[in-house]
Amino acid sequence: MFAGARCEYHEADYVIIGVPFDLTSTFRAGSAMAPDEIRQMSYCFEPYMMEYGVSISDMKIHDLGDVTSSDTVKSMGEELYQIVNKVVNDDKFPIVIGGDHSISPYIVSAFEDVSVLILDAHLDFRDSYEEMKNSHATVSKRISELNNKGVKVCGVRSMSQDESNFAKKPLFLTSHEMLETDDFLDELMENIEGDVYLSIDMDVFDPCYAPGVGNPEPYGLTPVHYKKLISMLSPRLVGMDIVELCPRYDNGGITTNLATKMIYDLLGSREGRFKE
Ligand code: MN
Ligand code: MN
């Protein structure tokens, strides 16, 4: 159980859902271990968040446990969709812990009328990958085909030649642009419409902060980028996932530590802000 998640489902504002699934991983598998590693790591931190003046133990969080289907992407996706659809219809905020990135389109399809922001080193805009339509490499493409207000991928520094031929701005923002100045923040807030769903592929961070991922890629973002982004974005968020964390390749647990603190920061910035 995630730290502080002592609330019953019917009273909860936030619902934690684990997806121990990494069947579509093609380079370094192991993200199926992430949900439990994150839950364990969640006891590392002080429940009180000094920055936001709130404690995670006062928040209404329920840990729903894990999705149980993991034989195929389809069976996992159908179960995950059913769960998230109920959570969203019950007016609760899903926090999904993956799993490889192939889980995200199933989560997004449970929402109506949201903008989707993806943080990722990779564009993930292939139409299919290794003959799979739903793979960790086709995420933003599948999401772009769903009925929503559009998708934007931030932190990008890798794509195939094919993708580069048809993926045009403003679909993505590169990590190089984001590392130069913080000017992108205001622009991003203005250009992204209404309610926002946030999907975080941990490889968006530089491997020095997040070595434990399936496909590490140098020249990435820093945790401070996330802090700034989440403080501006959190009131508009309706759901979030954290994916591609691969504990087997982690170094002293630092990637897991960061991913877990990111959930704290999401909760702290939302609850602290609303309390003001
Ligand atoms: Mn990626
Ligand atoms: Mn990805």
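Thresholds applied
- Residues numbered from 1 in each chain as written.
- Chains lettered and ligands numbered in written order.
- Predicted model: local features only at pLDDT ≥ 70, side-chain atom pairs only at ≥ 80, totals over all residues.
- Heavy atoms only, no water.
- Phe/Tyr/Trp six-rings, centres within 6.5 Å; stacked < 30°, edge-to-face > 60°.
- Helix = DSSP H or I, 4+ residues; strand = E, 2+ residues; numbered from the N terminus.
- Buried < 20%, exposed > 50% of the residue type's maximum accessible area, 1.4 Å probe, protein only.
- Lys NZ or Arg CZ within 6 Å of the ring centre and 35° of its normal.
- Pairing = 2+ DSSP bridges.
- Right-handed = clockwise from strand over helix to strand, strands pointing away.
- Axes fitted to C-alpha atoms, helices over the stretch in contact; angles between N-to-C directions.
- Donors = N, O, S within 2.8 Å, 3.2 Å for Na, K, Ca; no water.
- Patch = residues over 30% accessible without salt bridge, like charges linked within 9 Å, V, L, I, M, F, W, Y side chains within 5 Å.
- Areas by Shrake-Rupley, 256 points an atom, 1.4 Å probe, with all protein chains shown as cover.
- Salt bridge = Lys/Arg side-chain N within 4 Å of Asp/Glu carboxyl O.
- Lys, Arg positive; Asp, Glu negative; His and termini not counted.
- Charge placed at Lys NZ, Arg CZ, Asp CG, Glu CD.
- Contact = heavy atoms within 4.5 Å.

Peer 1: Looking at this structure, how should I read the packing of aromatic side chains?
Peer 2: We describe a pair of aromatic rings using the distance from one ring centre to the other and the angle between the two ring planes. Counted by the stated rule, this structure contains five aromatic pairs. A centroid spacing of 6.2 Å and a plane angle of 45 degrees characterise the contact between F2 and Y264, whose relative ring orientation is tilted. Of this pair, F2 sits in the segment before strand 1 (14–18) while Y264 sits in helix 9 (residues 254–275), and the two are 262 residues apart along the sequence. Take F2 and Y264: they sit in the same class, and that class is buried. Three or more aromatic residues link up through ring pairs in this structure, and these residues are F2, F45 and Y264. The ring of Y249 carries the charged tip of R28 above its face, separated from the ring centre by 4.0 Å.

Peer 1: Hey, could you run me through the pairing of strand 7 (residues 151–156) in this one?
Peer 2: Two faces make up the sheet, and in a regular strand the side chains alternate between them. The element strand 7 is largely enclosed, with a buried count of six among its six residues. In this structure, strand 6 (residues 115–119) lies alongside strand 7, joined through four bridges in parallel fashion. By the bridge assignment for strand 7, V116 is matched with V151. Running through helix 4 (residues 139–144), the crossover from strand 6 to the neighbouring parallel element strand 7 is right-handed. Bridge count for strand 7 against strand 8 (residues 172–174) is three bridges, and the pairing is parallel. What sits directly across from V153, in strand 8, is F172. As for the winding sense of the linkage, the β-α-β connection from strand 7 through helix 5 (residues 161–166) to strand 8 is right-handed.

Peer 1: I would appreciate a short explanation of the sheet that holds strand 1 in the present structure.
Peer 2: Two modes of strand pairing occur in sheets, parallel and antiparallel, and in both the strands are linked by backbone hydrogen bonds. Strands sit in the order 4-1-5-10-9-6-7-8 across an open sheet of eight strands; the sheet is parallel. Of all strands in the sheet, those with a lone pairing partner are strand 4 (61–66) and strand 8, marking the two edges. Pairwise comparison of adjacent strand axes, ignoring direction, gives a mean angle of 15 degrees for this sheet. In terms of strand pairing, strand 1 meets strand 5 (residues 93–97) through five bridges, oriented parallel. Bridging across to strand 5, Y14 finds its partner in F93.

Peer 1: What exactly am I supposed to notice about the coordination of the manganese ion (ligand 2) here?
Peer 2: Angles at a metal have ideal values that depend on geometry: 109.5 degrees with four tetrahedral donors, 90 or 180 degrees with six octahedral donors. Surrounding the manganese ion (ligand 2) are the protein donor atoms H101 (ND1), D120 (OD), D124 (OD) and D201 (OD), which sit 2.1 to 2.2 Å from the metal. Mapping the donors of the manganese ion (ligand 2) onto the primary sequence gives the spacing H-x18-D-x3-D-x76-D. Separating the manganese ion (ligand 2) from the manganese ion (ligand 1) is a gap of 3.3 Å, bridged by D120, which donates to each. With D124 in the loop between strand 6 and helix 4 and D201 in strand 9 (residues 196–201), the pair connects residues that are 77 residues apart, well separated along the chain. For the pair D124 and D201, a shared accessibility class is recorded, and that class is buried.

Peer 1: How do you make sense of a negative patch on the surface when you look at a structure like this?
Peer 2: Where like charges cluster on the molecular surface, the negative patch consists of D183, D186, E187 and E190. When you line up the elements, D186 lands in helix 7 (residues 184–191).

Peer 1: Is there a simple way to explain the coordination of the manganese ion (ligand 1) in this structure?
Peer 2: Protein-derived coordination of the manganese ion (ligand 1) comes from D120 (OD), H122 (ND1), D201 (OD), D203 (OD) and D203 (OD), at a distance range of 2.1 to 2.6 Å. Each donor residue of the manganese ion (ligand 1) lies on the same chain, and together they follow the pattern D-x1-H-x78-D-x1-D. The exposure class assigned to H122 is buried, which follows from its relative accessible area of 14%. By relative accessible area, D201 is classed as buried at 2%.

Peer 1: I would appreciate a short explanation of the pattern of salt bridges in the present structure.
Peer 2: Side chains bearing opposite charge may pair, as long as their charged atoms lie close to each other. Tallied over the entire structure, the rule returns 14 salt bridges. D113 serves as the salt-bridge partner of K149, at 4.0 Å between the closest nitrogen and oxygen. You can see K149 sitting in the loop between helix 4 and strand 7 and its partner D113 sitting in the loop between helix 3 (104–108) and strand 6, a full 36 residues away along the chain. Accessibility expressed as a relative area gives 33% for K149, which makes it partly exposed. Sharing partners across several salt bridges, the network here consists of D36, R39, D63 and D66.

Peer 1: Just to check I follow, could you spell out the environment of I56 for this structure?
Peer 2: Within the secondary structure, I56 sits in the loop between strand 3 (54–55) and strand 4. Its relative accessible area of 1% is what places I56 among the buried residues. Residues I56 and P223, 167 residues apart in the sequence, show an inter-C-alpha distance of 20 Å. Discounting residues that sit within four places of it in the chain, I56 has contacts with F2, A3, G4, P47, M49, I61, Y264 and L267.

Any functional reading would require information that these geometric values do not contain.
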